[in-house]
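Next come the chains, spelled out residue by residue.
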Amino acid sequence: MICLQCTVVRPGETQHEAGIRLRDGMLRRFCGIESPSVIARSGEKPRLADRADTSFSVSHSESAVICALSFPGIAEAGDATVIYDGDDAPAVGADIEMVRDVRDVPRLRRLADRFFPAGEADRLRDVPDSGYPAAFAKTWTALESFVKRTGDGFRHGFSHVDLSMVRRVTDVREIDGETYVVSVVF
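Let me sum up the structure you'll find in this document. Quantities reported herein were computed from a predicted structural model and do not represent experimental measurements.

1. Structural notes on the overall build of the protein
- Each helix and strand counted, the protein has 4 helices and 9 strands in total.
- Secondary structure elements of the protein, listed N to C terminal, follow the sequence β-α-β-β-β-β-β-β-α-α-α-β-β.
- Against the 2.2 N^0.38 benchmark of 16 Å for 186 residues, the protein shows a C-alpha radius of gyration of 16 Å, consistent with a compact globule.
- Based on the C-alpha atoms only, the size of the protein along its principal axes is roughly 45 × 35 × 30 Å.
- Buried residues in the protein amount to 45% of all 186 residues.
- Taking contacts inside the protein between residues at least 6 apart in sequence as the whole, the part at least 24 apart equals 60%.
- Put simply, the protein shows about 9300 Å² of open surface, and 49% of that area lies on carbon and sulfur atoms.
- Side chains of the protein carry 24 positive and 29 negative charges; the gap between the two charge centres is 3 Å.

2. A word on the sheet that holds strand β7 (residues 93–98)
- As summarised here, the arrangement of the 3 strands in space is β7-β9-β8, forming an open sheet in which the pairing is antiparallel. Here the strands that pair on one side only, and so sit at the sheet edges, are β7 and β8 (168–175). With direction set aside, neighbouring strand axes in the sheet form an average angle of 20°.
- Examined bridge by bridge, β8 and strand β9 (residues 178–185) share 8 bridges and lie antiparallel to one another. When the bridges of β9 are listed, Thr-170 appears paired with Ser-183.
- Along the sheet face, helix α4 (residues 132–150) touches β7, β8 and β9 and points at about 35° away from the line of β9.

3. Description of the packing of helix α3 (residues 118–125) against α4
- Look at α3 against α4: their axes get within 11 Å of each other, and the N-to-C directions meet at 165°. Judged by the inter-axis angle, α3 sits roughly antiparallel to α4. Crossing of α3 against α4: the hand is right-handed. On the side of α3, the interface is formed by Glu-120, Arg-123 and Leu-124, while α4 contributes Tyr-132, Ala-135, Phe-136 and Thr-139.
- Taken together, the residues that form the contact of α3 with α4 break down as 4 nonpolar, 1 polar and 2 charged.

4. Side note on the sheet that holds strand β5 (residues 64–70)
- Ordered in space as β4-β5-β1-β6, the 4 strands form an open sheet in which the pairing is antiparallel. Looking at the sheet topology across the chains shown, the edges are occupied by β4 (55–61) and β6 (81–84). Geometrically, the sheet is characterised by an average inter-axis angle of 25° between neighbouring strands, direction not taken into account.
- With 3 bridges joining them, strand β1 (residues 2–8) and β6 adopt antiparallel strand pairing.

5. Thoughts on the nonpolar core
- In this structure, Phe-116, Leu-124, Tyr-132, Phe-136, Phe-146, Phe-158 and Val-161 are the most contacted members of the largest nonpolar core, which totals 20 residues.
- Listed by contribution, the elements that provide at least two residues to this core are α2 (105–115), α3 and α4.

6. Points about the packing of α2 against α4
- In the contact formed by α2 and α4, the axes pass within 10 Å of each other and the chain directions differ by 30°. By the angle between their axes, α2 is roughly parallel relative to α4. Here the hand of the crossing between α2 and α4 comes out left-handed. Only Tyr-132, Pro-133 and Phe-136 of α4 make contact with α2, whose side of the interface consists of Val-105, Leu-108, Arg-109, Leu-111 and Ala-112.
- Broken down by class, the residue content of the contact of α2 with α4 amounts to 7 nonpolar, no polar and 1 charged.

Conventions adopted
Residues numbered from 1 in each chain as written. Predicted model: local features only at pLDDT ≥ 70, side-chain atom pairs only at ≥ 80, totals over all residues. Heavy atoms only, no water. Helix = DSSP H or I, 4+ residues; strand = E, 2+ residues; numbered from the N terminus. Rg over C-alpha atoms; globule rule 2.2 N^0.38 Å. Buried < 20%, exposed > 50% of the residue type's maximum accessible area, 1.4 Å probe, protein only. Contact = heavy atoms within 4.5 Å. Areas by Shrake-Rupley, 256 points an atom, 1.4 Å probe, with all protein chains shown as cover. Lys, Arg positive; Asp, Glu negative; His and termini not counted. Charge placed at Lys NZ, Arg CZ, Asp CG, Glu CD. Pairing = 2+ DSSP bridges. Axes fitted to C-alpha atoms, helices over the stretch in contact; angles between N-to-C directions. Parallel < 35°, antiparallel > 145°, perpendicular 65-115°, else oblique. Left-handed = near helix turned anticlockwise from the far one by under 90°. Nonpolar A, V, L, I, M, F, W, Y, C, P; charged D, E, K, R; others polar. Core = buried A, V, L, I, M, F, W, Y, C linked by side-chain atoms within 4.5 Å.

So, in structure tokens, the structure goes:
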């Protein structure tokens, strides 16, 4: 099962602290893990020390924070969004980005041409400026979710990523008065 939950950074809290709060709350609620032991090595996907069957991915943008948690079995989701309801636990990657202002389109087009796989950059070239910030964010979050899922990070860039080969969910959400795109790849 894969569940997704969102929160906002509390006053006096960093994005990182909000991510840990959200991740740990989900691990406690869905997996019964009270004090998770997380291994986070440079260049590797963070993982639980004692639960190889459980995967998580945390991301933040501005004041919004998300956590996707993949675990074996089925649970009552409550206020979390169910992304995948199978009883297995595929590796998961998640990303969130605030949708930028249309004034950022020239910069976003340059970023897409420079960093996105050719097919994704080509697809975005036909998108009108009015819809470009959301289309860019949908592609960016899917690509970043993919490399977070594999644990490769940005060492290899996005050129090797083929989004047609993975299962993914992309959603537009209003969080704390702003528009965000959330992607989960599994």
